[in-house]
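Analysis of the macromolecular model
Spelled out, the chains give:
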Protein chains: 4
Amino acid sequence: MNITEKYINVRNQTVAFCSHLKPEDYVIQLVKFASPAKWHLAHTTWFFETFILMPNATNYNVFNTNFNFLFNSYYNTVGDRILQANRGNMSRPSIDEIYAYRNYVDEKMQIFLKTTDDKKILDLVTLGLNHEQQHQELLITDVKYMLGHNPFFPVFHNDYNLVKDTNSTNESIKITEGLYKIGYQGNDFCYDNELGAHKVYVPNFEINKYLVTNGEYFEFMEAGGYSDFNLWLDDGWNWVHKNQINSPMYWHKIKDEWHYYTLAGLQKVNKNAILSHINYYEANAFAEWKGMRLPTEFEWEIASLQFNWGKRWEWTNSAYLPYPEFKKENGAVGEYNGKFMINKMILRGASVATSKNHSRNTYRNFFNPSERWQYTGIRLIK
Amino acid sequence: MNITEKYINVRNQTVAFCSHLKPEDYVIQLVKFASPAKWHLAHTTWFFETFILMPNATNYNVFNTNFNFLFNSYYNTVGDRILQANRGNMSRPSIDEIYAYRNYVDEKMQIFLKTTDDKKILDLVTLGLNHEQQHQELLITDVKYMLGHNPFFPVFHNDYNLVKDTNSTNESIKITEGLYKIGYQGNDFCYDNELGAHKVYVPNFEINKYLVTNGEYFEFMEAGGYSDFNLWLDDGWNWVHKNQINSPMYWHKIKDEWHYYTLAGLQKVNKNAILSHINYYEANAFAEWKGMRLPTEFEWEIASLQFNWGKRWEWTNSAYLPYPEFKKENGAVGEYNGKFMINKMILRGASVATSKNHSRNTYRNFFNPSERWQYTGIRLIK
Amino acid sequence: MNITEKYINVRNQTVAFCSHLKPEDYVIQLVKFASPAKWHLAHTTWFFETFILMPNATNYNVFNTNFNFLFNSYYNTVGDRILQANRGNMSRPSIDEIYAYRNYVDEKMQIFLKTTDDKKILDLVTLGLNHEQQHQELLITDVKYMLGHNPFFPVFHNDYNLVKDTNSTNESIKITEGLYKIGYQGNDFCYDNELGAHKVYVPNFEINKYLVTNGEYFEFMEAGGYSDFNLWLDDGWNWVHKNQINSPMYWHKIKDEWHYYTLAGLQKVNKNAILSHINYYEANAFAEWKGMRLPTEFEWEIASLQFNWGKRWEWTNSAYLPYPEFKKENGAVGEYNGKFMINKMILRGASVATSKNHSRNTYRNFFNPSERWQYTGIRLIK
Amino acid sequence: MNITEKYINVRNQTVAFCSHLKPEDYVIQLVKFASPAKWHLAHTTWFFETFILMPNATNYNVFNTNFNFLFNSYYNTVGDRILQANRGNMSRPSIDEIYAYRNYVDEKMQIFLKTTDDKKILDLVTLGLNHEQQHQELLITDVKYMLGHNPFFPVFHNDYNLVKDTNSTNESIKITEGLYKIGYQGNDFCYDNELGAHKVYVPNFEINKYLVTNGEYFEFMEAGGYSDFNLWLDDGWNWVHKNQINSPMYWHKIKDEWHYYTLAGLQKVNKNAILSHINYYEANAFAEWKGMRLPTEFEWEIASLQFNWGKRWEWTNSAYLPYPEFKKENGAVGEYNGKFMINKMILRGASVATSKNHSRNTYRNFFNPSERWQYTGIRLIK
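Residues numbered from 1 in each chain as written. Chains lettered and ligands numbered in written order. Predicted model: local features only at pLDDT ≥ 70, side-chain atom pairs only at ≥ 80, totals over all residues. Heavy atoms only, no water.

**Comments concerning the domain arrangement of chain A**
Residue and element names in this part refer to chain A. Domain annotation for chain A reports domain 1 (3-148) and domain 2 (172-377). If you average the C-alpha positions of domain 1 and of domain 2, the two centres end up 27 Å apart. Of the residues lining the interface, 27 residues belong to domain 1; the matching set on domain 2 comes to 29 residues. Taken over both partners, the interface formed by domain 1 and domain 2 buries close to 2500 Å², and the fraction arising from carbon and sulfur atoms is 60%. For the pair domain 1 and domain 2, the number of links is zero salt bridges. In this structure, the connection of domain 1 to domain 2 is made through 15 residue pairs in polar contact (both at pLDDT 80 or more). Here the element with the most residues in the side of domain 1 that touches domain 2 is helix H5 (residues 119-148); it accounts for 18 residues. (Domains from an automatic or database assignment. Contact = heavy atoms within 4.5 Å. Buried area = accessible area lost by both parts, 1.4 Å probe. Salt bridge = Lys/Arg side-chain N within 4 Å of Asp/Glu carboxyl O. Polar contact = N/O pair within 3.5 Å; in protein donor to acceptor, adjacent residues only side chain to side chain. Helix = DSSP H or I, 4+ residues; strand = E, 2+ residues; numbered from the N terminus.)

**Things to note about the arrangement of the chains**
Between chain A and chain C there is no contact; the minimum C-alpha to C-alpha separation amounts to 15 Å. The two units chain B and chain D are non-contacting; their minimal C-alpha-C-alpha distance is 15 Å.

**Some points on the interface of chain D and chain A**
Between chain D and chain A, the residue contacts involve 34 residues of the former and 34 residues of the latter. Between chain D and chain A the total buried area reaches about 2800 Å² when both faces are included, carbon and sulfur atoms providing 56% of it. Of all residues in chain D, Tyr201(D), Asp234(D) and Ile342(D) give up the largest surface area on contact with chain A, accounting jointly for 20% of the area buried on that side. At the junction of chain D with chain A, the criterion picks out six salt bridges. The salt bridge partner of Lys199(D) is Glu177(A), with a shortest N-O separation of 3.7 Å. Elements represented by at least two residues in the side of chain D that touches chain A include exactly strand E3 (198-202), helix H7 (234-243), helix H8 (280-290) and strand E8 (313-319) of chain D.

**Structural notes on the sheet that holds strand E9 (residues 345-349) of chain B**
Residues and elements named next belong to chain B. The strand order across the open sheet built from four strands is E10-E9-E8-E11, with neighbouring strands paired in mixed fashion. With partners counted over all chains shown, the strands left at the sheet margins are strand E10 (365-367) and strand E11 (376-377), one partner each. With three bridges connecting them, E9 and E10 associate as antiparallel partners. Within the sheet, the bridge partner assigned to Ile 346 lies in E10 and is Phe 366. Against the sheet, helix H8 (residues 280-290) makes contact with strand E8 (313-319) and E9, and its axis sits at roughly 85 degrees relative to E8, the strand it touches most. (Pairing = 2+ DSSP bridges. Axes fitted to C-alpha atoms, helices over the stretch in contact; angles between N-to-C directions.)

**Some thoughts on the relation of the copies chain D and chain C**
Each of the two copies of the chain can be brought onto the other by a rotation about an axis and a shift along it. Each copy of the sequence occupies a distinct position, and chain D is placed on chain C by a rotation of 180 degrees and an axial shift of 0.0 Å, giving an RMSD of 0.0 Å. One copy is carried onto the other by what is essentially a two-fold rotation axis. A shared interface surface links the copies, since 96% of the contact residues of chain D are contact residues in chain C too. (Least-squares fit on C-alpha atoms with pLDDT ≥ 70 in both.)

**A closer look at the sheet that holds strand E7 (residues 265-268) of chain B**
Residues and elements named next belong to chain B. Pairing is antiparallel across the open sheet formed by three strands, whose spatial order is E5-E6-E7. Only two strands of the sheet have a single neighbouring strand rather than two, namely strand E5 (251-254) and E7. Strand after strand, the sheet turns through a mean of 35 degrees between neighbouring axes, direction not considered. As judged from the four bridges shared by E5 and strand E6 (residues 257-262), these two strands associate in the antiparallel manner. Bridge assignment links Trp 251 to a residue of E6, and that residue is Tyr 260.

**Quick look at the pattern of salt bridges**
All told, the structure shown has 76 salt bridges over all chains when counted by the stated rule. Notably, a salt bridge pairs Glu301(D) with Arg348(D), separated by 2.8 Å at the nearest N-O pair. Residue Glu301(D) is found in helix H9 (residues 297-303), and its partner Arg348(D) is found in strand E9 (residues 345-349); the two are separated by 47 residues along the sequence. Note on accessibility: Glu301(D) and Arg348(D) belong to one class, buried. One network of salt bridges, with partners in common, ties together Arg11(A), Arg102(A), Asp106(A) and Glu132(A). (Buried < 20%, exposed > 50% of the residue type's maximum accessible area, 1.4 Å probe, protein only.)

**Points about the interface of chain D and chain C**
Interfaces are frequently sized by the accessible area removed from exposure as the parts join. Contacts between the two partners involve 28 residues from chain D, matched on the other side by 27 residues from chain C. Buried area between chain D and chain C, summed over both chains or domains, comes out near 2400 Å², and the portion from carbon and sulfur atoms is 63%. When the area that chain D buries against chain C is broken down by residue, the three leading residues are Glu24(D), Arg92(D) and Phe152(D), summing to 32%. Viewed at the interface, chain C and chain D are joined by two salt bridges. Arg92(D) is the salt-bridge partner of Asp25(C), the closest N and O atoms lying 2.6 Å from each other. Our count for the chain D to chain C interface comes out at eight residue pairs in polar contact (both at pLDDT 80 or more). Of all the secondary-structure elements, those providing two or more residues to the side of chain D that touches chain C are helix H3 (67-71), helix H4 (95-115) and helix H5 (119-148) of chain D. The leading source of residues in the side of chain D that touches chain C is H3(D), at three residues.

So this is what it looks like as structure tokens:
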């Protein structure tokens with residue numbers, strides 16, 4: 001695919017997912033971390049308008065000057081932005097206006113892409129497409145969060161029961177201690193936080209080729225895992241108590257039987273399916289209960305060549321910190337990753353909500369240890 | 001009009017107002033006290049289903065058993081209810097489903113009304129219609145609140161500039177001290193909190209026939225009214241400071257000129273128009289600055305026969321408390337008024353958002369002293 | 001007693017109560033509404049320094065210029081003040097310094113009082129002494145609040161079991177409807193909010209000569225009073241739920257038996273003793289349960305000549321609002337009462353914590369309806 | 001020194017510091033993280049009573065059974081504990097009782113220590129003494145926090161101006177890449193989180209032998225460091241805005257000149273002295289502004305043999321995570337360190353508030369990145 005084909009392809013995927021939404025579904029924001037669909041649609045478009053068309057396209061007319069204020073996410077460089085928590089307070093611009101905005105920018109982008117072969121600009125377009133793929137993942141999990149907190153548990157679409165996958169093995173792998181090279185070493189796209197391949201010393205370890213299942217986690221619950229403080233980090237224990245947690249997100253005990261909400265509606269928990277929607281605290285407590293631990297991101301990256309991954313984002317026991325030679329880009333693009341390098345834990349792999357061709361074994365995802373609305377999972381090590 | 005005609009008439013008015021809304025406008029709740037349009041549409045319907053059809057109509061099938069949970073407002077008698085602050089968290093049931101609910105109940109109600117002449121039931125229907133008229137008023141002010149907090153200040157409809165009225169007189173009335181009869185004494189509908197006509201002794205007073213204008217309030221602002229603590233009640237002073245208030249709600253100083261948001265869009269403040277959107281604290285501070293005071297609800301009711309009213313809800317200096325012979329009805333209907341008789345101040349009159357035939361000079365409206373999203377005004381007395 | 005004798009007398013009473021405190025007891029503030037003893041000692045002294053000595057005494061040297069900032073309570077006229085909630089954050093000035101401040105001001109006051117017979121100044125001194133008597137009452141209830149929330153329930157002093165009084169009658173009084181004169185009509189000291197005697201029309205009523213006992217309130221608890229929403233005002237019901245209330249303040253069920261904390265330590269609840277430490281919501285719910293109601297402040301004042309009172313502050317069903325001819329004084333003294341006339345309910349009578357000669361049947365006390373750390377009680381009417 | 005001499009020595013140091021406190025200073029808690037002096041005195045005593053005397057001493061009578069509830073800090077194993085934020089709500093037990101408790105336990109400990117040579121018990125005693133030394137450090141910083149937030153800036157003691165030290169060099173050290181051994185390898189006391197010496201690969205780096213001074217940091221402030229979002233981590237930028245930070249803690253601009261609060265009172269900022277009281281966000285932003293970075297804890301440990309340290313706790317760019325072979329002890333002692341391994345950053349070195357012989361270059365201190373009430377500093381690397 002050339003760049004224009006890639007552009008059309010990625011942009012269409014976003015719209016295709018949204019075609020299942022009702023108008024009312026586009027607007028609401030329940031929590032700070034989950035944005036409305038309308039905002040995702042506009043923000044990904046704003047990226048191309050602001051970083052590609054405005055500085056580079058001849059005679060480009062901005063679609064609506066107010067949109068910069070509304071659809072900037074966190075790029076302080078680009079000016080005032082609406083608070084993240086207020087994104088759901090706005091019924092206008094309407095969905096129609098947002099789609100008109102997308103169409104307008106898509107048209108201008110396709111014209112523009114024919115006129116340029118500037119590597120720096122094309123790299124930014126590729127960044128924009130990867131950025132949109134990240135938002136496709138968030139779209140899925142944010143819509144699930146909204147519908148999953150509706151007391152009616154509405155069905156989004158029957159094709160979207162994303163938590164049904166099972167493991168195909170129960171083996172583990174032994175890795176020998178030594179110096180390993182960590183970080184992206186290829187020639188294709190990657191994020192700045194993966195760059196600067198560097199040596200890391202890793203001791204001997206043995207890591208599972210499979211992810212923890214609902215059934216295994218259910219045993220932990222039955223054994224009183226949520227009420228034994230010995231298993232928990234202090235912040236995790238406070239989180240459990242303050243929120244009265246006793247199961248993964250979206251699990252509901254109905255007439256003595258555990259169900260969970262999926263985008264295909266409420267279903268009985270399948271014990272053979274891979275566990276999802278647990279946060280770092282829960283992952284860590286479960287590992288403690290098993291007498292095992294979570295891998296570091298280095299151990300994961302080294303071993304990942306020998307197991308299947310890509311169904312769940314996998315919590316590691318590494319904090320999100322810069323690689324030794326990390327360099328922040330200048331300008332707004334430099335705000336993409338570096339400034340979040342505190343109070344976050346690394347996840348590796350990819351999930352069922354991740355777009356095709358948007359995963360690498362050097363990819364470093366990161367979330368607050370309390371968050372669990374992503375399709376997260378647990379891989380154990382000893 | 002017979003009861004069926006009245007029913008159709010009131011129900012249609014609600015829908016007529018909503019016809020100007022976009023789908024996205026139906027869903028959002030910005031603050032606890034202002035509910036989404038979707039909720040108002042469903043809740044007023046739920047009232048007829050729950051209090052008329054379910055106990056009285058033969059073979060009535062409930063439209064959706066979950067709706068009781070969703071659209072109960074504050075009637076504890078009728079079971080669990082969704083928290084008021086969460087009404088905007090639900091994209092489903094969709095607008096289509098809500099309108100289907102309305103149509104279903106309206107059809108059943110029209111059939112049922114032909115079959116009954118039970119005075120008690122018909123009184124409840126009348127209560128339901130008055131209840132819906134109250135919600136029509138809230139619909140207008142809640143929609144204004146949502147759109148007025150959108151950074152784009154969208155136009156709802158050009159016919160809805162509700163704050164443009166001016167005074168036609170600058171006279172005042174003298175009333176002689178004496179015992180007066182207070183409360184509803186007619187035979188038509190009124191709320192329980194107006195009943196129990198009773199004697200009240202009132203001293204001599206002189207009350208204005210006109211309401212305070214934007215121009216007069218602007219003088220108060222220019223004179224530093226918002227920064228002179230001497231004029232304010234203690235709670236009011238804290239409210240001003242905590243929220244950094246320096247004008248009525250919806251006023252914005254743009255390029256050195258005061259504008260306000262109306263449902264017809266942003267406009268320059270008309271100094272001759274009657275002031276609106278001030279709370280009790282502001283009304284009280286303004287009166288203090290003028291060396292005058294607000295009327296009690298008794299003074300207002302006595303004098304109201306001699307002046308025009310109906311453009312603004314007028315703050316009085318009376319707390320919302322029961323009349324001497326107040327009796328709470330049994331059951332859910334008894335929760336309508338009595339339980340709010342604390343921490344509220346009385347407003348008398350009616351406003352431009354009030355439905356036709358939904359105003360009486362004995363009507364007792366009540367709000368927290370800090371609220372100002374209604375079309376509130378000030379009448380002075382000495 | 002001449003004014004100097006009165007001055008010495010009142011000032012000594014404050015110190016006498018504090019003589020039972022340990023140094024550690026002087027400092028702590030648990031909640032916004034209950035100030036540390038150290039602050040009461042200093043603030044009452046500051047009143048005399050600021051309003052009497054500074055403007056009137058020849059060559060008076062202020063004890064410490066920083067004290068105005070620290071010990072001003074809510075007099076905005078007199079300058080910046082420390083936030084009420086921060087009064088317990090300061091270990092310094094030390095108790096020794098506070099007592100030195102008291103001694104310094106007392107000495108200067110006694111010298112000054114010999115030199116003046118200016119009525120206006122002497123009236124202000126009298127106000128200062130009444131002000132200090134109000135703080136004596138608060139000292140007792142604030143110390144009780146602090147010690148009563150200590151998990152050890154420490155004994156303050158064995159003489160201070162203030163909740164032991166019982167009723168001596170079970171009769172009621174009938175009052176005939178008519179116009180009555182309300183407000184202070186004597187020549188001695190009273191507060192500005194009692195002035196402006198005025199006519200009020202009151203219907204027939206019958207009021208109890210006795211106060212509700214612990215035993216009667218216990219029946220209400222046993223009958224499920226705290227879990228029947230029908231009995232409660234809406235704000236009261238929210239207060240019960242949010243705070244999980246199921247008894248008056250200071251009551252603790254220990255091994256199936258109800259105890260309460262008194263300043264003489266933890267004791268079994270005496271069912272014959274008069275109930276105390278309930279708020280307006282509880283008083284109102286109890287009355288509702290009994291099929292009776294609380295008196296208005298007018299009914300109370302009229303009937304008070306015919307029953308004994310003075311053990312509990314009695315909740316009335318009147319909001320705290322100005323009398324028709326209420327006039328706020330100029331300057332700081334004008335901030336004493338008027339600015340609190342919102343969101344408060346009136347209490348009449350006096351309590352066991354009230355200083356001798358600091359009670360009148362026209363006295364208007366006022367608190368938020370949720371507060372219950374005072375010695376409050378219930379008198380019923382029908 | 002034998003163990004008894006060590007015991008007496010450490011215990012006396014705590015009391016010696018407290019001898020400068022006034023009774024009022026022992027009681028107050030301003031923020032969750034800074035405990036009252038009274039609590040530190042009791043909690044360190046409780047440690048010896050609970051972990052040494054109760055399980056091991058013959059016929060030991062617990063001083064007061066309620067003290068376990070009060071003076072347990074975070075050992076869930078040992079039972080219910082009072083919330084950390086409520087430690088300042090208690091005037092009782094009084095200071096006298098706390099000192100009686102100390103004396104009682106000290107006497108019993110000295111008797112007991114004569115009777116045992118059980119290595120496991122003596123190791124626990126040593127842990128208790130190190131624990132008390134940690135609390136001595138907290139005592140100093142917590143007292144400074146309380147007095148430093150008093151509007152009078154009281155002098156604690158003239159000997160305690162702890163922020164006056166200057167640097168003696170401006171050189172840097174080059175370290176060659178390679179595998180280094182990290183962690184405690186000696187035979188004396190260390191904490192569990194230092195154990196498990198292990199290999200870490202570290203690239204070439206050059207690190208300063210000196211710490212950042214007030215003068216250098218002042219340049220950062222003058223250059224607009226606090227208002228340039230490019231320099232800040234996202235959480236840090238939010239912290240700056242929410243708290244309106246524009247200088248290190250305890251700095252106050254008075255009449256155009258910067259002062260800071262020291263335990264010897266308010267003083268002019270000495271530009272040559274070593275900077276203190278900045279948090280991780282500030283340290284990181286400063287490094288960014290200099291075009292340098294903070295060391296990792298491994299770089300720091302390796303280089304520490306070649307520079308002087310011990311005046312400030314030095315922020316590193318390492319998150320607090322377990323070493324590869326970290327093993328949590330069983331029981332309450334196992335709660336000492338491991339459960340805090342999330343959302344904290346590592347500090348290395350020691351500070352002027354650290355007790356003599358309580359520092360090692362393998363010691364791993366850790367705090368939330370927003371905290372700055374410790375004597376923290378910055379060492380730069382490139």
